[in-house]
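One-letter residues, chain by chain:
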Amino acid sequence: MSQKQATPTSSSETMTKLEYKCTTCRDCGFEDSSGIHYQGYGTSEKRFCNDCEKGKQMFREWVELPEQRRHFQKYKQDKIERMMRLSRLSPAYLNAKLEDLKDNGALQKTCKMYLENWEKIKPLGLGYYFWGNVGAGKTYTAAILANELMKRHFVEVLFLKMPEAVARIKKTFGSDKQNPDKDLFDKMREVEMLILDDLGIEKVSDWLADEIYQVVEHRYSNNLPMIITSNQSLSDIGQVYREQVASRLTQKTKSIHFTQQDKRQKLEEEVKQRLF
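Residues numbered from 1 in each chain as written. Predicted model: local features only at pLDDT ≥ 70, side-chain atom pairs only at ≥ 80, totals over all residues. Heavy atoms only, no water.

**Considerations on the overall build of the protein**
Secondary structure assignment for the protein yields 12 helices and nine strands. Residues classed as buried in the protein amount to 41% of the 276 residues present. Considering only contacts within the protein whose residues lie at least 6 apart along the sequence, 72% involve residues at least 24 apart. (Helix = DSSP H or I, 4+ residues; strand = E, 2+ residues; numbered from the N terminus. Buried < 20%, exposed > 50% of the residue type's maximum accessible area, 1.4 Å probe, protein only. Contact = heavy atoms within 4.5 Å.)

In structure tokens form, the structure reads like this:
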């Protein structure tokens, strides 16, 4: 009976196994010599190896070069500007920032902690429910969080004033024309961060109550965060819409009662002084 002979191993294969820590790049840090465009950083003449620490370190050093940093700053600015255009945030609030809350230390601290811990908060789908007096700064504070999330974390935000949003959707009824507002409820369900301003002051029909419930339920079930502003408490919102809406928002948002009168006017005056 003949014995099966072992397949000889070539000397080059033996050398590869013995000498190279990374067989992908053979310890040079590059996978191959073909050029590649790295999104946000520009084009490299060679592709960095992603299978070894040397290649990863070389990439980290490359992105810190002046030219790559310029590429990234432009990419970052373009992305932020695009997000702000798509967010539907009113031009009056595009410059709202955390610094504007300096006279309300407790609220500023709360917002700062939310922004700094976003990566931990996002998977939990947690947000805020701002409610209270007209002109107390609810919308402005929500706009601050929208701007800071877009600028710091590149978060996709949809900021909607409820009465206007509902009116736009109703205008699409019975129309065959292409209109992005037809899909607005779908966007409300899926966007990374949904901000609904003035929830509860719009005229609520059975149709609208059902649509809002579906939006809130979907976001609750999928851990997608929301920030809501309203003149009404959560218990009152449960009477306007469904109790399930108030229940879901209670579980996923921190309720903050705004009691200061004319806060909006004070904030706007400060912004005007800073700009003019």
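After presenting the structure, the write-up continues.
**Focus: the layout of surface pockets**
Quantified by volume, the largest pocket comes out at close to 230 Å³. As for the largest pocket, its lining consists of Lys79, Arg82, Met83, Leu86, Ser87, Arg88, Glu156, Val157, Leu158, Lys187 and Val191. Here the residues of the lining of the largest pocket sort into five nonpolar, one polar and five charged. (1 Å grid on protein atoms, 1.4 Å probe; cavity = no way out; pocket = protein on both sides within 12 Å on 5 of 7 lines; lining within 4 Å. Points joined across faces, edges and corners; volume = space filled by probe spheres on them. Nonpolar A, V, L, I, M, F, W, Y, C, P; charged D, E, K, R; others polar.)

**What about the side chain of Glu148?**
Within the secondary structure, Glu148 sits in helix α6 (residues 138-153). For Glu148, a relative accessible area of 11% corresponds to the buried category. Apart from residues no more than four positions distant in its own chain, Glu148 is found in contact with Lys97, Leu98, Leu115 and His153.

**Regarding the packing of helix α7 (residues 162-171) against helix α9 (residues 206-221)**
It is the contact of α7 with α9, at a shortest axis distance of 13 Å, that shows an interaxial angle of 110°. In terms of axis orientation, α7 runs roughly perpendicular to α9. At the point where α7 passes α9, the crossing takes the right-handed sense. For the pair α7 and α9, contact is made by Met162, Val166, Ile169 and Lys170 and by Trp207, Leu208 and Ile212, respectively. Looking at the contact of α7 with α9, its residues break down into six nonpolar, no polar and one charged. (Axes fitted to C-alpha atoms, helices over the stretch in contact; angles between N-to-C directions. Parallel < 35°, antiparallel > 145°, perpendicular 65-115°, else oblique. Left-handed = near helix turned anticlockwise from the far one by under 90°.)

**Overview of the pattern of salt bridges**
Scanning the model with the defined rule gives 10 salt bridges in all. Among the ionic pairs, Arg60 bridges to Glu53, the shortest N-O distance being 2.4 Å. For Glu211, the salt bridge identified is with Arg189, shortest N-O distance 3.9 Å. Here Glu211, found in helix α9, pairs with Arg189, found in helix α8 (residues 184-190); they are 22 residues apart in sequence, far enough to count as distant. Arg189 matches Glu211 in its accessibility class, with the two residues each being buried. Residues joined by salt bridges that share partners form a network here, namely Lys161, Asp197 and Asp198. (Salt bridge = Lys/Arg side-chain N within 4 Å of Asp/Glu carboxyl O.)

**Quick notes on the confidence of the model for the protein**
Across the protein, pLDDT averages 84, with 84% of residues at or above 70. Here helix α1 (residues 11-19) stands out as the element of the protein with the lowest mean pLDDT, 54, in contrast to strand β8 (residues 226-230), whose mean of 96 is the highest. (pLDDT = per-residue confidence, 0-100.)

**A look at unusual backbone geometry**
A negative phi holds for most residues other than glycine; trans holds for most peptide bonds. If you check the backbone angles, Phe154 has positive phi at about 55° while not being a glycine. Considering the arrangement of structural elements, one finds Phe154 in the loop between α6 and β6 (157-161). Overall, Phe154 belongs to the partly exposed group, its relative accessible area being 22%. Of note in the backbone geometry, Asn223 takes a positive phi value of approximately 55° without being a glycine.

**Comments concerning the sheet that holds strand β7 (residues 193-197)**
Within the open sheet, the five strands sit side by side as β6-β7-β8-β5-β9. Their pairing is parallel. The open sheet is flanked by β6 and β9 (253-258), the only strands paired with a single partner. With direction set aside, neighbouring strand axes in the sheet form an average angle of 10°. Here β7 pairs with β8 via three bridges, running parallel. Bridge pairing in β8 links Leu196 to Ile228. Packing of α7 onto the sheet brings it into contact with β6 and β7, and relative to β6 it is tilted by some 90°. (Pairing = 2+ DSSP bridges.)

**Regarding the environment of Val155**
Residue placement: Val155 occurs in the loop between α6 and β6. Separated by 72 residues in sequence, Val155 and Met83 have C-alpha atoms that sit 8.0 Å apart.

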